[in-house]
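Summary of the model geometry
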Amino acid sequence: MTGVSFYNHPRLYQRDKAAIDAAIARVIASGRFDWGDEVPAFEEEFAAWNGASHAVAVASGTAALKIALLALGIGPGDEIITVANTDIGSSSSIHHAGATPIWVDINPVSRNMDVEALGAAITPRTRAILPVDLYGHPANMIAIMAVAEEHGLKVVEDACLALGATIGGVKLGTLAHATCFSFAPSKHLGSFGSGGAVLTEDAELAERMRKISAYGQERSRHYAMHGAGMGGLHHETHGLNERLAEMQAAILRAKLPHLDGTIAERRAQARRYAEGLAGLGLDLPQTLLGYEHSWRNYVIESDDRLGLAERLRSMGIPTNLTYAPPLHLQPVFADRAMGRGDLPVTERFCDRLLGLPIGPQLSMDEIDLVIAAVRKAVA
Ligand SMILES: *Cc1c(COP(=O)(O)O)cnc(C)c1O
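Residues numbered from 1 in each chain as written. Predicted model: local features only at pLDDT ≥ 70, side-chain atom pairs only at ≥ 80, totals over all residues. Heavy atoms only, no water.

Going by this rule: UniProt positions are given in the numbering used here, feature names are shortened, and annotations may be inferred rather than shown by experiment.
Per an unreviewed UniProt entry, the chain is named DegT/DnrJ/EryC1/StrS family aminotransferase, and its organism is Devosia aurantiaca. Of the chain, the UniProt comment under Sequence similarities (unreviewed entry) reads exactly: "Belongs to the DegT/DnrJ/EryC1 family."

Now the structure itself:
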């Protein structure tokens, strides 16, 4: 038994322990568990890292998507075109904004939204497009933005798996009207709980998102009330309580300086997999020209993925089925009456996908153990 773990949060903590401990101690000593300095500072640092103008820190990736949709005026009766081979948050956010997700098929190579299918799905009720950058491979954002412009649609990009990925050398975060990220513990930049952010170039949209995430009230008013105890309540819109916690912001600030390094590790591990797994008859993930992948997941495809998973498990190698079955076949969307055959490329992909361990929680020796096990398992 070799015993590689898929995720390993204690090991990741050890790598940044001194900085994280100092950040936590700083927040506790300040006594400011909300409306402190950490969230605004993290927003600035996160926007700068991505080369974007504004960041709004929120409580999760799902909250980021929901708040972006609400702030763009999406609501009941609106159709949002998206994909089905993704995290439930990509579509539950649309539901919770009161709108309806319309799933279209994918490109089998990038595994992302098929732009022709997008064009064919637009109706008079379509208000927005919600593309997903699956596993860290950017969606075809250039073509998607062109379609959006032609039809007057908003674009909320789900980049929860793609922090650090680039198109034409530019990091994701400035192309869509709003680009959403998750700081779930297993994402590229993991909090010690839950977190998320939205990037935008639109200052007014950023303010609206801040307001919606914090009880429908201006952030400056919250600070005035909690700081000097001044001013009354002034709720201007229907808000949520979906803010990023100060403690999480401080932890994320401690980890942000190491993000370039951990993304470089992911890219090196993906290259190692590509070399080590070539020629075995497995379909390996591809990166389309002009894109730079950020490898949150390394997902191969096989006609015998369950047999392969079982043989790997017996050798101490964990795998996962992220994300299968696709959303249009999940019980929660049974009322949509979609079935097998409605999204054939998506379904074939979800039937064959198998996720292998990747990330800075693993050493290159462990990646080599996985490669050796896969070679044995397919022999
Ligand atoms: C993780 C993820 C989300 C949801 O993020 P949470 O922080 O878990 O709410 C949404 N979409 C995608 C593609 C994700 O990977």
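**Observations regarding the pairing of strand β9 (residues 196-200)**
Cut-off, in case you're wondering: Only protein chains enter the calculation, and the probe is 1.4 Å; a residue is then buried if its accessible area is under 20% of its type maximum, exposed if over 50%, and partly exposed in between. A helix here means a DSSP run of H or I that spans at least four residues, while a strand means a run of E at least two residues long, and both kinds are numbered starting from the N terminus. Strands pair, by our definition, only if DSSP identifies at least two bridges between them.
In terms of residue burial, β9 counts as a mostly covered element, since five of its five residues are buried. Note that strand β1 (residues 54-58) and β9 share five bridges and pair antiparallel. Across the sheet, Val58 pairs through a bridge with Gly196, a residue of β9. Inspection of the sheet shows strand β8 (residues 178-182) paired to β9 by four bridges, in the antiparallel sense. Within the sheet, the bridge partner assigned to Ser182 lies in β9 and is Gly196.

**Considerations on the pattern of salt bridges**
Put simply, the rule reads: The working definition used for a salt bridge is a side-chain nitrogen of Lys or Arg within 4 Å of a carboxyl oxygen of Asp or Glu.
Per the counting criterion, the structure on display carries 25 salt bridges. Between Arg11 and Glu366 there is a salt bridge, with the nearest N and O atoms lying 2.8 Å from each other. Of this pair, Arg11 sits in helix α1 (residues 9-15) while Glu366 sits in helix α14 (residues 364-378), placing them 355 residues apart in sequence. On the basis of relative accessibility, which here comes to 35%, the residue Arg11 falls in the partly exposed class. A salt bridge links Glu43 to Arg210; its shortest N-O distance comes to 3.2 Å. With a gap of 167 residues between them, Glu43 in helix α3 (residues 38-50) and Arg210 in helix α8 (residues 203-213) connect regions that are remote in the sequence.

**Here's the deal with the domain arrangement of the chain**
The criterion, for reference: In this document the domain limits rely on a domain assignment from an automatic tool or a database. Should any heavy atoms of two residues lie within 4.5 Å, those residues are counted as being in contact. Two parts placed together each lose some accessible area under a 1.4 Å probe, and adding up what both lose gives the buried area. Whenever a nitrogen or oxygen atom comes within 3.5 Å of another N or O atom, the pair is scored as a polar contact, on the condition that within protein one atom can donate a hydrogen and the other can accept it, and that pairs from neighbouring residues in sequence are kept only if both atoms are in side chains. Side-chain classes follow a simple rule in which Ala, Val, Leu, Ile, Met, Phe, Trp, Tyr, Cys and Pro form the nonpolar group, Asp, Glu, Lys and Arg form the charged group, and the remainder, Gly included, forms the polar group.
Split into domains, the chain comes out as domain 1 (9-103 + 110-258) and domain 2 (259-378). Put simply, the middle of domain 1 and the middle of domain 2, counted by C-alpha atoms, are 25 Å apart. Taken together, the 41 residues of domain 1 in the interface contact 42 residues of domain 2. With both sides pooled, the region where domain 1 packs onto domain 2 buries about 3,400 Å², and carbon together with sulfur makes up 57% of that total. Inspection of the region where domain 1 meets domain 2 yields three salt bridges. Among the ionic pairs, Glu301 bridges to Arg111, the shortest N-O distance being 2.9 Å. The interface formed by domain 1 and domain 2 holds 25 residue pairs in polar contact (both at pLDDT 80 or more) in total. Elements represented by at least two residues in the side of domain 1 that touches domain 2 include exactly α1, β3 (100-103) and β6 (166-167). By residue number, the principal contributor to the side of domain 1 that touches domain 2 is β3, which donates four residues. Grouping the amino acids of the side of domain 1 that touches domain 2 by side-chain chemistry returns 20 nonpolar, 14 polar and seven charged.

**What to know about the sheet that holds strand β2 (residues 79-82)**
The line we're drawing: For helices, the axis comes from a line fit to the C-alpha atoms of the stretch in contact; other axes are also lines fit to C-alpha atoms, and the angle between any two N-to-C directions lies between 0 and 180 degrees.
Ordered by their spatial adjacency, seven strands build an open sheet running β1-β9-β8-β5-β4-β2-β3, and the pairing between neighbours is mixed. Lying at the two open borders of the sheet, with one neighbouring strand each, are β1 and β3. Between one strand and the next, the sheet's axes are offset by a mean angle of 25 degrees, whatever the strand orientation. Helix-sheet contacts for helix α7 (residues 141-151) involve β4 (126-130) and β5 (154-158), and the interaxial angle to β5 is about 155 degrees.

**Structural notes on the UniProt feature "modified residue: N6-(pyridoxal phosphate)lysine" (unreviewed entry) in the chain**
Under the present numbering, the feature "modified residue: N6-(pyridoxal phosphate)lysine" (unreviewed entry) in UniProt falls on Lys187. Within the element layout of this structure, Lys187 appears in the loop between β8 and β9. With residues near it in sequence (within four places) discarded, Lys187 still touches Cys160, Leu161, Ser182, Arg266 and Arg296.

**Observations regarding the site of the ligand**
Here is the rule: Being near a molecule or strand, for a residue, comes down to having at least one heavy atom within 4 Å of it.
Close to the ligand lie 14 residues; Gly61, Thr62, Asp158, Ser182 and Lys187 are nearest. One of the side-chain nitrogen or oxygen atoms of Asp158 is found 2.7 Å away from a nitrogen atom of the ligand. In this structure, Tyr323 approaches the ligand through a side-chain N or O atom, which is 3.1 Å from an oxygen atom. Considered class by class, the residues forming the shell around the ligand number four nonpolar, seven polar and three charged.

**Brief notes about empty space enclosed by the protein**
We count it as follows: Of the two site types, the cavity is a set of points on a 1 Å grid over the protein atoms alone where a 1.4 Å probe fits but cannot get out, and the pocket is an open set with protein on both sides within 12 Å along at least five of seven lines, each lined by residues with an atom within 4 Å of a point. Grid points are joined across faces, edges and corners, and a volume is the space filled by probe spheres set on the points.
Per the counting criterion, the structure on display carries three cavities of 30 Å³ or more. What the largest cavity holds in volume is close to 120 Å³. Trp35, Val39, Arg219, Arg243 and Leu244 are the residues nearest the centre of the largest cavity, which is lined by 13 residues in total. Residue assignment for the lining of the largest cavity shows that the elements contributing at least two residues are α8 and α9 (219-227).

**Section: the state of the cysteines**
Filter applied, for reference: The term disulfide is used for any two cysteine sulfur atoms that are within 2.5 Å.
The final tally for this structure, using the stated rule, is zero disulfides. Just so you know, Cys180 is unpaired, no disulfide at all, and the nearest cysteine sulfur is the one on Cys160, 6.5 Å from it. Among the residues examined, Cys180 registers a relative accessible area of 0% and is labelled buried. Distance from the sulfur of Cys350, which forms no disulfide, to the nearest cysteine sulfur (Cys160) is 17 Å.

**Considerations on the UniProt feature "active site" (unreviewed entry) in the chain**
Here the UniProt feature "active site" (unreviewed entry) sits at Lys187. Classification of Lys187 as buried rests on a relative accessible area of 12%.

**With respect to the nonpolar core**
Defined as follows: Among buried residues, the Ala, Val, Leu, Ile, Met, Phe, Trp, Tyr and Cys ones that are joined through side-chain atoms within 4.5 Å form a nonpolar core.
Judged by nonpolar contacts, the single largest core of 79 residues is most densely connected at Phe42, Phe46 and Leu189. The greatest single-element share of this core, amounting to seven residues, is contributed by helix α4 (residues 61-71). Here this core spans two domains, since at least three of its residues come from each of domain 1 (9-103 + 110-258) and domain 2 (259-378). Membership of the second largest hydrophobic core comes to 24 residues, among which are Leu282, Leu284, Ile300 and Leu356.

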